[in-house]
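So you can see what is in the structure, the chains are spelled out below.
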Amino acid sequence: MTFAGRLVAGTVAILACALAILVGASEISLRRDLEAEIGRVLEREARLVRAALPADSLEWQAAVRRFAEASGHRITVIDRGGRVRAESDAGEGSLDLLESHADRPEVRQALAGRVGVARRRSATIGRPLLYVAVPGGPGVVRLAATLDQVDEVVGRAQGAVLWAALLAIAVGSAVAFLAGRSVARPLTAITAAARAIAAGETPRFPHAGIPDIDALVAALRAMHDQLAARFRDLQREKAETAALVDAMVEGVIAADPRGRVVTANAAARRLLGYAPDAPLPDLPELFRAKPARAVVDALLRGAPVAGRELRLDGRTLLVSGRPLAAGGAVLLMHDLTEMRQLEAVRRDFVANVSHELKTPLTSISGYAETLLGDEPDRDTARRFVEVILANARRMQRLVDDLLDLSRIESGGWEPRREAVPVAGLAREAWSGLAGRAAAREAALEIDVAPDATTLHADPDAVRQVLTNLFDNSLRHVPSPGGRIVCRAERVEGGVRLAVRDNGGGIPREHLPRIFERFYRADPSRSRDRGGTGLGLAIVKHLVEAHGGRVGAESELGRGTTVWCWFPG
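On a predicted model such as this, the values are computed, not experimentally measured, just so you know. Note that residues are indexed from 1 along each chain, following the sequence as it is written. Residues qualify for local features only when their pLDDT is at least 70, as the model is predicted, and side-chain atom pairs are given and counted only at 80 or more; totals for whole chains, interfaces and linings, by contrast, use all residues. Excluded from the side-chain calculations are hydrogens and water; all other atoms, namely the structure's heavy atoms, are used.

Caption draft 1: The arrangement of the overall build of the protein chain in detail. Segments assigned H or I by DSSP are reported as helices when at least four residues long, segments assigned E as strands when at least two residues long, and all are numbered from the N terminus. When helices and strands are counted, the protein chain shows 15 helices and 17 strands. Taken over C-alpha atoms, the radius of gyration comes to 64 Å for the protein chain, far larger than the 24 Å a tight globule of 568 residues would show. Referenced to the eigenvectors of the C-alpha coordinate spread, the extents of the protein chain come out at roughly 205 × 55 × 35 Å. Exposure categories follow from relative accessible area, calculated using a 1.4 Å probe and restricted to protein chains: below 20% of the type maximum is buried, above 50% is exposed, and the middle band is partly exposed. The 568 residues of the protein chain split such that 36% are buried. Note on areas: these come from Shrake-Rupley sampling with a 1.4 Å probe, and a residue is covered only by the protein chains present in the view. Summed over its atoms, the accessible surface of the protein chain is roughly 32,200 Å², and 56% of this surface lies on carbon and sulfur atoms. Here Asp and Glu are counted as negative and Lys and Arg as positive; His is not counted, and neither are the chain ends. Charged groups are reduced to one reference atom each: NZ for lysine, CZ for arginine, CG for aspartic acid, CD for glutamic acid. Of note, the protein chain has its 76 positive side-chain charges centred 3 Å away from the centre of its 71 negative side-chain charges. For the radius of gyration, the atom set is restricted to C-alpha positions; the globular benchmark scales as 2.2 Å times the number of residues to the power 0.38.

Below is the structure:
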């Protein structure tokens, strides 16, 4: 039931109870007052009858009848022994048949010298009567009157009161309804405002004009303002946390107590191979590898996991996890793939450098010990010293290449860009290898397109690039008949500089790795030809420092082409 309905029902109930009590009390009071008034009238009339009784007792019956006709009341004369001496309602000769009235309460009171009053149903006429007896005469004079008039007056009064009560209930109900609606309307508006707050919408607060309700509205408005401020703070903190989690290089996955993934940052999706908007399965089904599933099972059982290294889809991940106090778990994945690759490269680098240095050091040490221990002839000693010098120079080239590569990789070198004549630098780089080229009877051909005569780059870097590419080609072209072509052309808004030779070529499976340090498609032959294994790695880093890129194409028996693209 609504507030207005409750208020109307309560008002009607209160009015009904109050009016019922009022009607009952008024009936009792009115009846008592009317009966008292009738009793006083009967007492006065009884005294008058007592005074007017004839001296002759034989005339009492006739006199009583006359008095009764005149007053309309029943009159009885009773002697001191209780015998009825006259009765207005009795017929001739019937007085002797009437029973003694000595036991009537009003008669006893009158015989005792007081005015007697009694109310009872008359056995003679069968209706309730009011009896009043006064002492005097032969003993007692009693008058009786019916209470029909009292009942009629009380009934009329009750009818009037009932109509007034109905009118009061109607008016009270209308007033209660209007008052309830005036109170319920702002309460309904407050309810709507509370629902709007719960739904995250802008509430409309009413003005009731009722101090208590206005105080409630003010408290609700203050609560809304505080909730809005706290919600904004929570949203900001959530956005900051989400941005922080998404910015982490580690993969973060959070699951609820049922194992459903509720948070997964971009790094986690990338590591697991899921698109940014792709749905994620539950945490127990997220991993296919058995070790990873064991980690998830341990987390969901409430056991923390720290620093466990796993292999997933070719990646090395360091996985840690911690169960949450309210249930669920947080899983942290750190990608160690690049680190492990760098460690492998470092190990390979150390091993390769050690191997590259071991051979010339062994030769130098062996020939030096021979020179110290023996006394070879002059020609043998000279040959031994030449071998020592050649190996020392080989070590020097290796150290120089390592220093160049380290300087480029560390970022300490920046290219000085200027217009570089391609053909001139190619001839200059070839001139440094002219002796070796003549010994192997190899020729260089320079082919420069008209729109690629110059490129915007560091001249020393381009010279070193061409020198390394020419040196690499010279070691692999046939002797005699070696042919090397240096071609420049404009491609994709830059200059593509390519060196092609007619050597034996490189197997296809080795092409992606030829720019790695110390990588050799045929290690034994390259080492015999004096290469350090760093030339192409230096070429790659020099070109990439200009913002360019490198590549290689080759077929077995048909030669190799190594190209470098410089922007601009």
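Caption draft 2: Structural detail: the sheet that holds strand E6 (residues 251-255). Across the sheet, 5 strands lie side by side as E7-E6-E10-E9-E8; this open sheet has antiparallel pairing. Sheet topology places strand E7 (261-264) and strand E8 (305-312) at the edges, where each strand pairs with a single neighbour. The mean inter-strand angle of the sheet, taken between neighbouring strand axes irrespective of direction, is 20°. Pairs of strands are assigned from DSSP output, requiring at least two bridges between the strands. By the bridge criterion, 5 bridges tie E6 to strand E10 (residues 329-335) in an arrangement that is antiparallel. Residue Ala255 lies in a different strand from E10, and its bridge partner there is Ala329. The contact rule is simple, with two residues in contact once any of their heavy atoms fall within 4.5 Å. All axes are obtained by fitting lines to C-alpha atoms, using only the stretch in contact for helices, and the reported angles, taken between N-to-C directions, cover 0 to 180 degrees. Sitting on the sheet, helix H8 (residues 290-300) is in contact with E8, strand E9 (315-323) and E10, with an inclination near 155° to E8.

Caption draft 3: Quick peek at the packing of aromatic side chains. For Phe, Tyr and Trp, rings pair up if their centres lie within 6.5 Å, where Trp contributes its six-membered ring, and each pair is then called stacked (planes under 30 degrees apart), edge-to-face (over 60) or tilted (otherwise). Per the counting criterion, the structure on display carries 1 aromatic pair. For the ring pair Trp430 and Phe470, a centre distance of 5.6 Å and an interplane angle of 85° mean the geometry is edge-to-face. Here the residue Trp430 occupies a position in helix H11 (residues 422-431), and Phe470 occupies one in helix H13 (residues 459-474), the gap between them amounting to 40 residues. A residue is classified by how much of its surface remains accessible, and Phe470, at 0% relative accessible area, is buried. Charge-over-ring contacts are defined here by two conditions on Lys NZ or Arg CZ: a distance within 6 Å of the ring centre and an angle within 35 degrees of the ring normal. One cation-aromatic arrangement involves Arg120 over Tyr131; the distance from NZ or CZ to the ring centre is 4.1 Å.

Caption draft 4: The environment of Glu386, seen in detail. Take Glu386: it is sitting in helix H10 (residues 378-409). Since its relative accessible area comes to 44%, Glu386 is described here as partly exposed. Residues Glu386 and Arg315 lie 71 residues apart in sequence; the distance between their C-alpha atoms is 50 Å.

Caption draft 5: Spatial organisation of the sheet that holds strand E15 (residues 494-501). In spatial order, the strands read E12-E14-E15-E17-E16; together these 5 strands make up an open sheet with mixed pairing. Each edge of the sheet is formed by a strand with only one pairing partner; in this case those strands are strand E12 (442-448) and strand E16 (549-555). Between one strand axis and the next, the sheet turns by 15° as a mean value, whatever way the strands run. As defined by bridge partners, E12 adjoins strand E14 (residues 482-491) across 7 bridges and the pair is classed as parallel. Residue Ile446 lies in a different strand from E14, and its bridge partner there is Cys486. Taken strand by strand, H13 contacts E12, E14, E15 and strand E17 (559-567), and its axis lies near 25° from that of E15. Packing against the sheet, helix H15 (residues 535-545) makes contact with E16 and E17, and its axis sits at approximately 25° to E17.

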